[in-house]
Amino acid sequence: MIIKFGVTLPQFTEKRERFLDAARRAETSGYDSVWVFDHLWPLGGDRERPILESWSSLAYLAAVTKRVTLGTLVTRSSLRQAVLLAKMVATVGELAPGRLICALGTGDNLSAPENVAFGLPYFAGDDRINQLASTMEVVTTYSSEGAVGHTDGFAHIDHLPSSPQPDPAPEVWIGGWSRRVLHLAGEGADGWNGWGTDVERFARAARSVIDAAGSRDIELSWAGQVMLADADEDARKKLGDRNPDSFLVGGPESVAAQLQRFVDAGATHLIAAFPDAGVKGSYELFAEAVIPRLNGV
């Protein structure tokens, strides 16, 4: 089985070169994918901290990268009107043909203050997942059909012509954990992402997605924070006072062993978020010493 590897980019910055250099380093190091978060301020942080907006950043990355796949973890379905998002996805997909993944998600209670602060709707209960399903349908249809007609409680589109229509159409993934979200991913998405969880929960969710997918092929991905150093002790020192339960921590052998458990649970795409992604080191060490262990090299 071929495992793909990706990294998140240092997006919480005002420094263009820091962000672009990381994308270039990831591509040069041989990663399959690079990823951005979809927030208007850093989740769990001070709203005054800088952050680059995800989709305008991806459009620029489409022009300055050549091979690596570009993706979102995850595009929040409530931040943009569905057909506007569909147009953005199709545009970036045309600029980077065959190498765009739009992973969609609802966001959660932690992200609700963002929506409120910017005057955007935030859906609760069943409406949150219904709105996600509506957005997924619009985005998928826009890139694959000549016109979009869609009416429900969240969007009304009167047979809008689709332009551009990238070939191939961008992949659409779903991220999240609720039973309905897992079924939505299995029934209609190209992939599913589980963020920052333990192996047992990942395995249960992956099985639910696979069962819902039936005979359809679907990519299963894990993403989470990784603290990597040359040796286990050095990694623990780098971790500092951060919550160790929120990270995979260790030297290359330890991190590879932890990631192998996610592969055994069904993951085919592993995405690492390094706190020090903006400086040379972790991307390169992971590519040189962790990936070969997981690929049996």
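Residues numbered from 1 in each chain as written. Predicted model: local features only at pLDDT ≥ 70, side-chain atom pairs only at ≥ 80, totals over all residues. Heavy atoms only, no water.

In this structure, the amide linkage connecting Ser163 to the following residue, Pro164, adopts the cis form with an omega of -5 degrees. Examined against the element boundaries, Pro164 turns out to sit in the loop between strand 6 (156-161) and strand 7 (171-175). Across the junction of Asp167 and Pro168, the peptide omega takes the value 0 degrees, indicating a cis bond. Looking at where Pro168 falls in the secondary structure, it is placed in the loop between strand 6 and strand 7. The residue His159 is not glycine, and still its phi comes out positive at about 45 degrees. Looking at where His159 falls in the secondary structure, it is placed in strand 6. Judged by its relative accessible area of 58%, His159 is exposed. (Helix = DSSP H or I, 4+ residues; strand = E, 2+ residues; numbered from the N terminus. Buried < 20%, exposed > 50% of the residue type's maximum accessible area, 1.4 Å probe, protein only.)

Below, the discussion takes up a negative patch on the surface. Negative charge collects at one region of the surface, where Asp230, Asp232, Asp234 and Glu253 lie side by side. Tracing the chain through its elements places Glu253 in helix 9 (residues 252-264). Take Glu253: its relative accessible area is 59%, and that puts it in the exposed class. (Patch = residues over 30% accessible without salt bridge, like charges linked within 9 Å, V, L, I, M, F, W, Y side chains within 5 Å. Areas by Shrake-Rupley, 256 points an atom, 1.4 Å probe, with all protein chains shown as cover. Salt bridge = Lys/Arg side-chain N within 4 Å of Asp/Glu carboxyl O. Lys, Arg positive; Asp, Glu negative; His and termini not counted. Charge placed at Lys NZ, Arg CZ, Asp CG, Glu CD.)

Next up on the list: the pattern of salt bridges. Pairs can form between side chains of opposite charge once their charged atoms are near each other. For the structure on display, the rule yields 12 salt bridges. A salt bridge links Arg180 to Asp126; the shortest N-O distance between them is 4.0 Å. Residue Arg180 is found in helix 6 (residues 179-188), and its partner Asp126 is found in helix 5 (residues 126-144); the two are separated by 54 residues along the sequence. On the accessibility criterion, Asp126 (55% relative accessible area) is exposed. What emerges from the salt-bridge pattern is a single network uniting Arg16, Glu17 and Arg24.

Enumeration according to the criterion identifies 14 aromatic pairs in this entry. Geometrically, the ring pair formed by Phe12 and Phe37 is stacked, given 6.2 Å between the ring centres and 15 degrees between the ring planes. Taken together, the positions of Phe12 in the loop between strand 1 (4-8) and helix 1 (16-28) and Phe37 in the loop between strand 2 (33-36) and helix 2 (54-64) put the pair 25 residues apart, joining distant regions of the chain. We classify Phe12 as partly exposed; its relative accessible area is 32%. Joined through ring pairs, the aromatic side chains of Phe5, Tyr31, Phe274, Tyr283 and Phe286 make up one cluster. Just above the ring of Trp177 sits the side chain of Arg201; from NZ or CZ to the centre is 4.2 Å. (Phe/Tyr/Trp six-rings, centres within 6.5 Å; stacked < 30°, edge-to-face > 60°. Lys NZ or Arg CZ within 6 Å of the ring centre and 35° of its normal.)

Moving on: the packing of helix 1 against helix 2. At their nearest, the axes of helix 1 and helix 2 sit 11 Å apart, and the two run at 55 degrees to each other. Here helix 2 runs oblique to helix 1, going by the angle between their axes. For the pair helix 1 and helix 2, the crossing hand works out as right-handed. Between helix 1 and helix 2, the contacting residues are Arg16, Phe19, Leu20 and Ala23 on the first element and Ser57, Tyr60, Leu61 and Val64 on the second. Split by residue class, the contact of helix 1 with helix 2 holds six nonpolar, one polar and one charged. (Axes fitted to C-alpha atoms, helices over the stretch in contact; angles between N-to-C directions. Parallel < 35°, antiparallel > 145°, perpendicular 65-115°, else oblique. Left-handed = near helix turned anticlockwise from the far one by under 90°. Contact = heavy atoms within 4.5 Å. Nonpolar A, V, L, I, M, F, W, Y, C, P; charged D, E, K, R; others polar.)

A few words now on helix 9. Compared with an ideal rise of 1.5 Å per residue, which puts 13 residues at 18 Å, helix 9 spans 18 Å between its outermost C-alpha atoms and is within 8% of the ideal. Taken together, the buried positions of helix 9 are Pro252, Val255, Ala256, Leu259, Phe262 and Val263. Looking straight down helix 9, one finds its buried side chains confined to an arc of 110 degrees; they lie on one side. Away from its buried face, by an angle of more than 90 degrees, helix 9 presents the exposed residues Glu253 and Asp264. Here the buried face of helix 9 lies against helix 7 (199-213), strand 9 (219-228), strand 10 (247-250), strand 11 (269-273) and helix 10 (282-294). In the stretch just after helix 9, Gly266 is the one whose phi turns positive, near 120 degrees. (Expected span 1.5 Å × (residues − 1). Arc of directions from axis to C-beta.)

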